[in-house]
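Architecture at a glance
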Amino acid sequence: MDVRIEESWKQELAEEFEKPYFSELTAFVRNEYKGVTAIYPPARLIFNAFDHCPFNNVKVVIIGQDPYHGPGQANGLCFSVNKGVPFPPSLMNIFKEVNNDTGAPVPQDGDLTRWSDQGVLLLNATLTVRAASAGSHQKKGWEEFTDTVIRILSQKRNNIVFILWGSYAQKKGAVIDRSRHLVLSSPHPSPLSAYQGFFGNHHFSRANEYLKSKGKEPIVW
C-alpha cells in the first residue's frame, strides 16, 4: 500500500502497511472522511508527527491518546493545537511545567511543530477522531500501528527519551527496552491529575540532561 508518510518511516513501516488490519483501518478512515461528520485532523495531517520527525531524528517520544475533537484544534501532533487556537487545559499545564522546570516562557501559540522539528515525536495512540466524539476511532487498528512504531523505535534506536504521562501512555510504553532508553513517567497533565505529580516531574530538564549525556543536542522547549 502506498501511504503518504515521510520516506524513512515509509521504509521502516513497509511491512505494517501490507498487513490486513492496516488495509481494514485505511478503508474505515477513508469512509469516515467521506461522511457528513467532520473528522480530525485534516486528512493531509494524519501522519504529521512522522513527517516532521524522520526515524533517525527521533530524540524524544511523547505519547498521547486521541487527537483533539474540536474545530480547528488537531494538527496531527499530540497535545498540540494550531496557531490562534486557545490552549486546551492539558497543554496549558504542559507549558506551566516547562516554565517552572526550565525557565522557558509560556509561548504565544500552542503549535508544537517547533518541538517536532527538533526530534520530538508527538505520537497519539489513535491518529484520527470524529468531531465532538472522543475515542470514536479507537480499536479500529490505530493502536496496533502505533504500538509497532514504539516497538521499532525501541528495538532499532538507542538513547531515546520516552515520556509517558498517565496510565494509558504508561501501559502503551510497556514494550520499551529500558536498558537502551530513558523512560520518564508521571501522572497526566490534565487538570484532574496535574497536581498529583505532573507538576514538578522535571521531565523537560531531565530529558535534556540525558540527551546531553549521550552527546545529543538538547531540545529547546
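Residues numbered from 1 in each chain as written. Predicted model: local features only at pLDDT ≥ 70, side-chain atom pairs only at ≥ 80, totals over all residues. Heavy atoms only, no water.

A short note on the pairing of strand E5 (residues 161-165)
Quick reminder of the rule: Between buried and exposed lies partly exposed: a residue is buried under 20% and exposed over 50% of the maximum accessible area for its type, with that area taken using a 1.4 Å probe on protein chains only. Helix numbers and strand numbers start at the N terminus; a helix is a DSSP run of H or I with at least 4 residues, a strand a run of E with at least 2. The criterion for strand pairing is that DSSP finds at least two bridges linking the strands in question. A crossover counts as right-handed when, viewed with the strands pointing away from the observer, the path leading from the first strand over the helix to the second turns clockwise.
When you tally the buried positions in E5, you get five out of five residues, the bulk of the element. Taking every second residue as pointing to the same face, both faces of E5 are buried, with Val161, Ile163 and Trp165 on one and Phe162 and Leu164 on the other. Both strand E2 (residues 60-64) and E5 contribute to a ladder of four bridges, which runs parallel. Considered in E5, the bridge of Ile63 is made with Leu164. Of the strand pairs in this sheet, E5 and strand E6 (residues 182-186) are connected by five bridges, and their pairing is parallel. Each residue of the ladder has a partner; that of Phe162, found in E6, is Val183. A crossover links E5 with its parallel partner E6, the connecting element being helix H8 (residues 166-172), and its sense is right-handed.

Looking at the pattern of salt bridges
Note the threshold: The salt bridge definition used is simple: a Lys or Arg side-chain nitrogen within 4 Å of an Asp or Glu carboxyl oxygen.
All told, the structure shown has six salt bridges when counted by the stated rule. When the shortest N-O distance is used, the salt bridge between Lys10 and Asp2 registers 2.5 Å.

Side note on the packing of aromatic side chains
Each aromatic ring pair is summarised here by two numbers: the centre-to-centre distance and the angle between the ring planes. Going by this rule: Here a Phe, Tyr or Trp ring, Trp counted by its six-membered ring, pairs with any other such ring whose centre lies within 6.5 Å, and the pair is stacked when the planes are under 30 degrees apart, edge-to-face when over 60, and tilted otherwise.
If you walk through the whole model with that rule in mind, you get 21 aromatic pairs. On the basis of an interplanar angle of 45° and a centroid distance of 5.5 Å, the ring pair of Phe22 and Phe145 is categorised as tilted. One end of the pair, Phe22, is in helix H3 (residues 20-34); the other, Phe145, is in helix H7 (residues 142-156), and 123 residues separate them in sequence. Residues Phe22 and Phe145 agree in their burial class; the two are buried. Geometrically, the ring pair formed by Phe79 and Trp165 is edge-to-face, given 5.5 Å between the ring centres and 65° between the ring planes. On the criterion of sequence distance, the pair formed by Phe79 in the loop between E2 and helix H5 (89-102) and Trp165 in strand E5 is long-range, its members being 86 residues apart. Residue class for Trp165 comes out buried when judged on its relative accessible area of 2%. Put simply, the rings of Phe79, Phe87, Phe95, Trp115, Trp165, Tyr195, Phe198, Phe199, Phe204 and Trp221 pair up and form one aromatic cluster.

Examining the nonpolar core
Threshold: To form a nonpolar core, buried Ala, Val, Leu, Ile, Met, Phe, Trp, Tyr and Cys residues must be joined to one another through side-chain atoms within 4.5 Å. Two residues qualify as a contact provided that any one of their heavy atoms is within 4.5 Å of a heavy atom in the partner residue.
Judged by nonpolar contacts, the single largest core of 66 residues is most densely connected at Phe50, Ile62, Trp115, Leu121 and Phe145. With six residues, the top contributor of residues to this core is H7. Once you skip the residues sitting within four places of it in the chain, Phe145 turns out to touch Leu13, Glu16, Phe17, Tyr21, Phe22, Phe47, Phe50 and Leu127.

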